[in-house]
2 protein chains.
Amino acid sequence: MSLPLILEKYRTEVDSEIKAIIDSRSSPVYDMMRYHFGWIDKTGNPAKNNSGKALRPALCLFSCEAVGGNYRKALPAAAALELVHNFSLIHDDIQDNDRERRHRPTVWTIWGKAQAINAGTAMRILANTALLRLRGDGISLEKQSRLNELLDEISLKLIEGQYLDISYEDRFDIKVSDYLNMISGKTAALISGSMEIGAFIGTDQTSCVNSIQEIGKNLGLAFQIRDDILGIWGHEEETGKPSGNDIRRRKKSIPVVYALEHTRGNTKKEMISIYKSRMMDENTVSRVLEIFESVDAQANVQKMVDRYCREAIQAFIDLKLANNAKIEMEELVHFLTDRNY
Amino acid sequence: MSLPLILEKYRTEVDSEIKAIIDSRSSPVYDMMRYHFGWIDKTGNPAKNNSGKALRPALCLFSCEAVGGNYRKALPAAAALELVHNFSLIHDDIQDNDRERRHRPTVWTIWGKAQAINAGTAMRILANTALLRLRGDGISLEKQSRLNELLDEISLKLIEGQYLDISYEDRFDIKVSDYLNMISGKTAALISGSMEIGAFIGTDQTSCVNSIQEIGKNLGLAFQIRDDILGIWGHEEETGKPSGNDIRRRKKSIPVVYALEHTRGNTKKEMISIYKSRMMDENTVSRVLEIFESVDAQANVQKMVDRYCREAIQAFIDLKLANNAKIEMEELVHFLTDRNY
């Protein structure tokens, strides 16, 4: 499966924008950021590593163009959104004790958790300063101020979602609705916010911006659920992580939550006891996969992905935007629904 | 020693402002903040605990009034500054592994480090949203935008200073100049920024705002150096911490840095070997105190406090502001120079 056009066409400009923001600063704190983005190795020498899909800036710029705006005006905001996403990854890795990301040691593994906390928080603040680069590009001060506000609101929702995610670790009564509430903050807030911000820069029509935001929410939910599916049934050669990985990490992702809600009696007790125990050997992983199959978890959860995507596509068509925007959107949604990495 | 007037007169209004900001949100994340400020206990029941001196908001409101402004207009900014300060305390306690603050368990001790990271970062973002409350109070959008920028710049300097502080833990070649560079970020940036922001809201005269900012820088340096003195020679009944506490924690505070720079030969080697070792028994603490005395560390370091305070006072007098502002400033500086808690 090839990458959708919108994930490729803006990439170079987004990377340059983020580089310009980080390179305007001097302190070793920013080297941790450069390392995280894959531009340097841990000793400070230039490197070229995978720095992620950059989905959020792409969604921002795409939305700006789709509503008739000039995407270049939105570049600082797109960079800000990618900084918000990556701040959350740096802190996530500390919180989850994850030693690897994108096939490299995580920031905390190299600099220690204390300094990685600094790198993450500084990156979040840097996102605000990125928005200052919108100045002088014909964007009114009112709009700039509103963009600051949106970025802060999105970030708070993201952290509130992250709080729930961590608090669910010790709970076994999580329902699918709790899960959706959690990912609405942790994932969908930033994805829908990225589309909202792009559209907001591209047009003054509030109703259109609101629709794009709603579309983004559905896409965000679909994206996270698909991510959870890949965390269990994905193939190592595509995702970079062994199949069943999220079971080994005892992550309360949607297949688990679905199974906890849909199993009964002894099977439910077994699920709870497996997820309560500190041990997770390969036999247990297989047993969990069996239980998932007994409630048809993968198909039922994928149905949720498909439904959110369908709603997003329909709402996008209803906006009656330019034809090529519709094609790009369909390509993106197709990718999000069926992606294997 | 009684508290200077400026630390008392604004206190109630500052507390209400911070409460209003935090209470506008609903998520358990904000309970961690309420706990940190001493308003609730860990189970969520109302409590009344010491929430600190609130020096930074007081400096902000005082500076606003001193330059002829209405301090009430600056209340949202004052609250924002206290939120920035407290975000850094929450993260500091995680980074330093400190289990107690203000005689209570720290946030991470109760909720764990992962959730405490969330509380700290969310509090930093909340500081931005606090500035939205400046709207409709006759403060121009240009000024509001500049205030956002100032808050972000101050926060980045604070984190850059915190980075240095942590990086000094493993170094034994730190000079007094390195130390001053570190506290310029870690402490003085926020104290001088608080005064700058207050003055900026109170007047349009840039040169006056710049002078106030410089005065704040000197006060900030004096404040941190005095804090370091108290960390070693303070008395438990006043500071709440046993005398010699920072020696036991092997903190690279100014007396240590001064002694490392001013001892020679075997005494210097002894200092380095003491600070390199993981052990710090009471005999060693006494030995460090002896070494400090041999280079007259306390008196020499207090001289730095006095010098920064003198410079601050003189620059403040040169501004020729209202007489009562001068009196309040002298009272504050006297407190900062000689405070025992």
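Quick notes on the rules
Residues numbered from 1 in each chain as written. Chains lettered and ligands numbered in written order. Predicted model: local features only at pLDDT ≥ 70, side-chain atom pairs only at ≥ 80, totals over all residues. Heavy atoms only, no water. Helix = DSSP H or I, 4+ residues; strand = E, 2+ residues; numbered from the N terminus. Rg over C-alpha atoms; globule rule 2.2 N^0.38 Å. Buried < 20%, exposed > 50% of the residue type's maximum accessible area, 1.4 Å probe, protein only. Contact = heavy atoms within 4.5 Å. Disulfide = S-S within 2.5 Å. Least-squares fit on C-alpha atoms with pLDDT ≥ 70 in both. 1 Å grid on protein atoms, 1.4 Å probe; cavity = no way out; pocket = protein on both sides within 12 Å on 5 of 7 lines; lining within 4 Å. Points joined across faces, edges and corners; volume = space filled by probe spheres on them. Nonpolar A, V, L, I, M, F, W, Y, C, P; charged D, E, K, R; others polar. Axes fitted to C-alpha atoms, helices over the stretch in contact; angles between N-to-C directions. Parallel < 35°, antiparallel > 145°, perpendicular 65-115°, else oblique. Left-handed = near helix turned anticlockwise from the far one by under 90°. Phe/Tyr/Trp six-rings, centres within 6.5 Å; stacked < 30°, edge-to-face > 60°. Lys NZ or Arg CZ within 6 Å of the ring centre and 35° of its normal. Buried area = accessible area lost by both parts, 1.4 Å probe. Salt bridge = Lys/Arg side-chain N within 4 Å of Asp/Glu carboxyl O. Polar contact = N/O pair within 3.5 Å; in protein donor to acceptor, adjacent residues only side chain to side chain.

Trainee: Looking at this model, I keep getting lost on the overall build of chain A. Mind explaining?
Mentor: When helices and strands are counted, chain A shows 17 helices and 2 strands. Radius of gyration (C-alpha) of chain A: 20 Å, near the 20 Å computed for a compact globule of 341 residues. Over its C-alpha atoms, taken along the principal directions, chain A stretches across nearly 65 × 50 × 35 Å. Each of the 341 residues in chain A was classed as buried or not, and the buried ones make up 58%. Here the analysis covers contacts within chain A between residues at least 6 apart in sequence; of these, 74% occur between residues at least 24 apart.

Trainee: Help me understand unusual backbone geometry, please; the structure alone is not making it clear to me.
Mentor: Across residues other than glycine, the phi torsion is negative in most instances, and most of the peptide bonds are trans. Residue and element names in this part refer to chain A. Phi angles above zero are rare outside glycine, and Ala54 is one such case at about 55 degrees. Within the secondary structure layout, Ala54 lies in the loop between α3 (28–36) and α4 (55–66). Here Ala54 falls in the buried class, since its relative accessible area comes to 9%. Unlike most non-glycine residues, Arg250 shows phi in positive territory, near 50 degrees.

Trainee: Got a minute to help me understand the state of the cysteines in this structure?
Mentor: Cysteine pairs can be covalently joined through their sulfur atoms, and such a bond is termed a disulfide. Counted by the stated rule, this structure contains 0 disulfides over all chains. A:Cys60 takes part in no disulfide bond, and the closest cysteine sulfur to it belongs to A:Cys64, at a distance of 6.9 Å. Its relative accessible area of 0% is what places A:Cys60 among the buried residues. Here B:Cys208 is not cross-linked by a disulfide; its sulfur's nearest cysteine counterpart is in B:Cys64, at 11 Å.

Trainee: What's the story with the relation of the copies chain A and chain B in this structure? I'm lost.
Mentor: Each of the two copies of the chain can be brought onto the other by a rotation about an axis and a shift along it. The transformation that overlays chain A on chain B combines an axial shift of 0.0 Å with a rotation of 180 degrees, and the residual RMSD is 0.0 Å. On this basis, the relationship between the two copies can be described by a two-fold rotation axis. Most of the interface of chain A is mirrored in chain B, where 100% of its interface residues are also at the interface.

Trainee: Is there a simple way to think about empty space enclosed by the protein in this case?
Mentor: Where empty space is left in the structure can be found by rolling a water-sized probe over the atoms. Enumeration over the complete set of coordinates arrives at 10 cavities of 30 Å³ or more. Lining the largest cavity are 17 residues; nearest its centre among them are A:Gln144, A:Ser145, A:Asn148, B:Ser145 and B:Asn148. Among the elements of the structure, α7 (113–131) and α8 (141–168) of chain A together with α8 (141–168) of chain B are those that each provide at least two residues to the lining of the largest cavity. With 6 residues, the top contributor of residues to the lining of the largest cavity is α8(B). A per-class count over the lining of the largest cavity returns 6 nonpolar, 7 polar and 4 charged.

Trainee: Explain the packing of helix α9 (residues 176–202) of chain A against helix α10 (residues 206–233) of chain A here, please?
Mentor: Helix-helix packing is described using two parameters, namely the angle between the two axes and the distance between the axes. All names here are of chain A. Relative orientation of the contacting elements α9 and α10 amounts to 135 degrees, with a least axis distance of 7 Å. Looking at the two axes, α9 sits oblique to α10. The hand of the α9/α10 crossing is right-handed. Residue composition of the contact of α9 with α10, by class: 15 nonpolar, 7 polar and 3 charged.

Trainee: What exactly am I supposed to notice about the environment of B:Pro255 here?
Mentor: Residue and element names in this part refer to chain B. Positionally, Pro255 belongs in helix α13 (residues 254–262). Along the sequence, Pro255 and Ala66 sit 189 residues apart, while their C-alpha atoms lie 34 Å from each other. For Pro255, the residues in contact, after removing those within four places along its chain, are Asp228, Ile232, Trp233, Phe292 and Ala297.

Trainee: Looking at this structure, I do not really get the packing of helix α5 (residues 75–96) of chain A against α9(A). What am I missing?
Mentor: Residues and elements named next belong to chain A. Interaxial distance between α5 and α9 falls to 10 Å at its minimum, and their mutual angle equals 170 degrees. As far as their axial angle goes, α9 and α5 are roughly antiparallel. Contacts from Ala77, Leu81, Val84, His85 and Asp92 in α5 reach Lys186, Leu190, Ser194, Ile197 and Ile201 in α9. When its residues are assigned to classes, the contact of α5 with α9 shows 6 nonpolar, 2 polar and 2 charged.

Trainee: Looking at this structure, how should I read the side chain of B:Glu17?
Mentor: Within the element layout of this structure, B:Glu17 appears in helix α2 (residues 11–23). Ignoring anything within four residues of it in the chain, the contact list for B:Glu17 reads B:Leu75, B:Pro76, B:Ala79 and B:Arg133.

Trainee: Help me understand the packing of aromatic side chains, please; the structure alone is not making it clear to me.
Mentor: Pairs of aromatic rings are described using the distance from one ring centre to the other and the angle between the two planes. Considering all chains together, one arrives at 10 aromatic pairs over all chains under this definition. The ring of B:Tyr35 has B:Arg104 sitting right over it, with the charged end atom 4.0 Å from the ring centre.

Trainee: For this particular structure, what's the right way to read the interface of chain A and chain B?
Mentor: The figure often quoted for interface size is the accessible area lost as the parts come together. The interface of chain A with chain B comprises 38 residues on the first partner and 38 residues on the second. Both sides of the chain A and chain B interface together cover about 3500 Å² of buried area, and 64% of this is carbon and sulfur. Among the residues of chain A in contact with chain B, A:Ile125, A:Leu156 and A:Tyr163 are the three that bury the most area, contributing 18% of the side total. Remark: the boundary between chain A and chain B carries 4 salt bridges. Residues A:Glu153 and B:Arg25 are paired through a salt bridge, measuring 2.8 Å at the closest nitrogen-oxygen approach. Seen at the junction of chain A and chain B, the total is 16 residue pairs in polar contact (both at pLDDT 80 or more). Put simply, the parts of the chain that give the side of chain A that touches chain B at least two residues each are α3, α5, α7 and α8 of chain A. Broken down by element, the residue count for the side of chain A that touches chain B peaks at 14 residues, all from α8(A). Across the side of chain A that touches chain B, the residue classes break down as 18 nonpolar, 12 polar and 8 charged.

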